[in-house]
Amino acid sequence: MNSVLTSILIMPQKIIAGNWKMNLNYAQAMTLADAIAAGITGESSCEVILAPPSIYLHDVLRRIGHHDRISVASQNCADREPGAYTGELSAMMLASVGIDYSIIGHSERRIYFGESDPLLARKVDQCFKYGILPIFCCGETLDEREQGVQSEVVERQLRQGLFHLSEAELSDCIIAYEPVWAIGTGKTATPGQAQEMHSLIRQLLRGISDSVAERVSILYGGSVTPATAQEMLASQDVDGALVGGASLKADDFLSIIQACR
Ligand code: PEP
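Treat the numbers as computed from the prediction; the structure is a model and nothing was measured. Residue numbers restart at each chain and count upward from 1, following the sequence in its written direction. Local features in this predicted model are restricted to residues of pLDDT 70 or higher, and side-chain atom pairs are both shown and tallied only at a pLDDT of 80 or more, whereas totals for entire chains, interfaces and linings draw on every residue. Working from all heavy atoms in the structure, the side-chain values ignore hydrogens and water.

Asks: Looking at this model, I keep getting lost on helix H12 (residues 226-233). Mind explaining?
Replies: An α-helical turn contains 3.6 residues, so any two residues separated by three or four positions project in the same direction. Restricting attention to buried positions, one finds in H12 the residues Ala-229, Met-232 and Leu-233. The arc enclosing the buried residues of H12, seen along the axis, measures out at 85 degrees, which places them on a common side. Along H12, exposed side chains directed more than 90 degrees from the buried face belong to Ala-227, Gln-230 and Glu-231. For H12, the elements touching its buried residues are strand E1 (15-19), helix H10 (191-208), strand E7 (217-221), strand E8 (240-243) and helix H13 (250-259). Each residue is placed in one exposure class: buried if its accessible area under a 1.4 Å probe, protein chains only, is under 20% of its type's maximum, exposed if it is over 50%, and partly exposed if it falls in between. Only DSSP runs of H or I with at least four residues qualify as helices, and only runs of E with at least two residues qualify as strands; both kinds are numbered from the N terminus onward. The arc in question is formed by the directions pointing from the helix axis toward the C-beta atoms. Between two residues, a contact is recorded if the distance between any of their heavy atoms is within 4.5 Å.

What follows is the structure in structure tokens.
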């Protein structure tokens with residue numbers, strides 16, 4: 001096949017992921033899962049991933065299991081094998097109930113729970129050991145952006161947390177660029193700022209191989225709403241979004257999915 005055809009056929013999957021964080025009671029979570037599943041029509045070709053709190057993972061999975069366009073992610077997983085680690089949730093356990101993805105390295109885990117790059121690399125390894133695909137988050141703080149070191153920060157996070165994987169494993173990862181200053185603040189990065197960082201991430205992936213760069217979906221996260229989604233998702237290297245606040249309202253989340261064409 002000629003290279004033009006190949007590059008037309010191999011493109012990162014468009015993905016909209018919803019991170020429910022530590023929100024919603026059981027009834028609210030099930031209602032939201034049902035409303036999202038009912039609202040996804042054949043029109044959009046993007047994959048949808050829901051990341052409910054751990055205690056709801058299994059029931060959300062059972063409710064949306066029939067839906068071929070929705071997958072379920074955990075918001076975290078342990079960096080070690082099952083054993084005497086009170087309160088932890090292992091990748092083996094997630095896999096055993098049918099979870100496909102795990103968010104790894106969300107800035108709230110890095111900041112509030114002190115998760116370091118080497119720890120995140122171990123979590124990523126646990127995911128692959130049990131067939132869970134990581135949604136690996138990276139992004140700079142406001143302070144780091146003001147100092148102009150955002151590219152170095154993101155590159156370090158990727159090199160230390162993710163780039164030890166084999167090419168085949170890396171190709172199966174999803175990367176989420178989430179500037180910390182834009183998460184839950186209502187301050188979205190401009191499409192230009194997002195594209196600039198996504199293009200840098202794509203270039204880093206290209207340094208590993210063209211095929212990895214062409215396969216890995218790079219999502220933007222940070223106060224994405226129905227009002228901002230279309231413009232953000234139109235950028236060349238933005239393959240989708242990781243959505244926090246707006247994923248808690250079915251109508252808003254469905255509008256963002258609609259914007260992903
Ligand atoms: C997130 O937590 O991943 C996120 C992007 O949150 P929000 O959309 O609320 O900024």
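Next comes the rest of the write-up.
Asks: I tried to follow the nonpolar core on my own but got confused; where do I start?
Replies: Looking at soluble globular proteins, one finds that nonpolar side chains tend to be buried together. What is meant by a nonpolar core is a set of buried Ala, Val, Leu, Ile, Met, Phe, Trp, Tyr and Cys residues, joined one to another through side-chain atoms within 4.5 Å. Counting 69 residues, the largest nonpolar core has Ile-16, Leu-158, Leu-162 and Ile-201 as the members making the most contacts within it. The residues touching Ile-16, leaving out its near neighbours within four places in the chain, are Cys-46, Glu-47, Val-48, Ile-49, Leu-233, Gly-240, Ala-241, Val-243, Phe-253, Ile-256, Ile-257 and Cys-260. Formed by 13 residues, the second largest nonpolar core is a distinct cluster that contains Ala-17, Ile-49, Tyr-101 and Leu-242.

Asks: Looking at this model, I keep getting lost on the pairing of strand E5 (residues 133-138). Mind explaining?
Replies: Successive side chains on a regular strand alternate, one facing one side of the sheet and the next facing the other. Buried residues dominate E5, accounting for five of its six residues. When DSSP locates at least two bridges between a pair of strands, those strands are taken to pair. Pairing geometry for strand E4 (residues 101-104) and E5, over four bridges, is parallel. Residue pairing for E5: Ser-102 is matched across the bridge by Pro-134. Inspection of the sheet shows E5 paired to strand E6 (residues 174-177) by four bridges, in the parallel sense. In the strand pairing of E6, Ile-135 is matched with Ile-174.

Asks: Hey, could you run me through the pairing of E6 in this one?
Replies: The side-chain alternation of E6 yields two buried faces, one formed by Ile-174 and Ala-176 and the other by Ile-175 and Tyr-177. Two elements, E6 and E7, share four bridges in a ladder whose sense is parallel. For Tyr-177, the partnering residue across the bridge sits in E7 and is Tyr-220.

Asks: Teacher, can you tell me more about the site of the ligand here?
Replies: Around the ligand sit 14 residues in total, of which Lys-21, His-106, Glu-178, Gly-184 and Ser-223 are the nearest. A 3.5 Å cut-off defines polar contacts: any pair of N or O atoms within that distance qualifies, except that in protein one atom must be a possible hydrogen donor and the other a possible acceptor, and neighbouring residues in sequence count only when both atoms are side-chain atoms. His-106 places a side-chain nitrogen or oxygen 2.8 Å from an oxygen atom of the ligand. A distance of 2.7 Å separates an oxygen atom of the ligand from a polar atom in the backbone of Ser-223. For the ligand, the protein covers 95% of the area, taking 300 Å² as the surface of the free molecule. It suffices for a single heavy atom of a residue to lie within 4 Å of a molecule or strand for the residue to be listed as near it. Here the accessible surface of atoms and residues is derived via Shrake-Rupley with a 1.4 Å probe, and residues count as covered only by protein chains that are part of the display.

Asks: Can you help me understand the sheet that holds strand E2 (residues 47-51) in this one?
Replies: Taken in spatial order, the eight strands line up as E1-E2-E3-E4-E5-E6-E7-E8 and close into a barrel, and their pairing is parallel. With strand direction ignored, the average angle separating the axes of adjacent strands in the sheet is 25 degrees. Pairing between E7 and E8: three bridges, direction parallel. Among the inter-strand pairings, Gly-221 is bridged to a residue of E8, identified as Leu-242. Helix axes are fitted to C-alpha atoms over the stretch in contact, other axes to C-alpha atoms as well, and angles between N-to-C directions run from 0 to 180 degrees.

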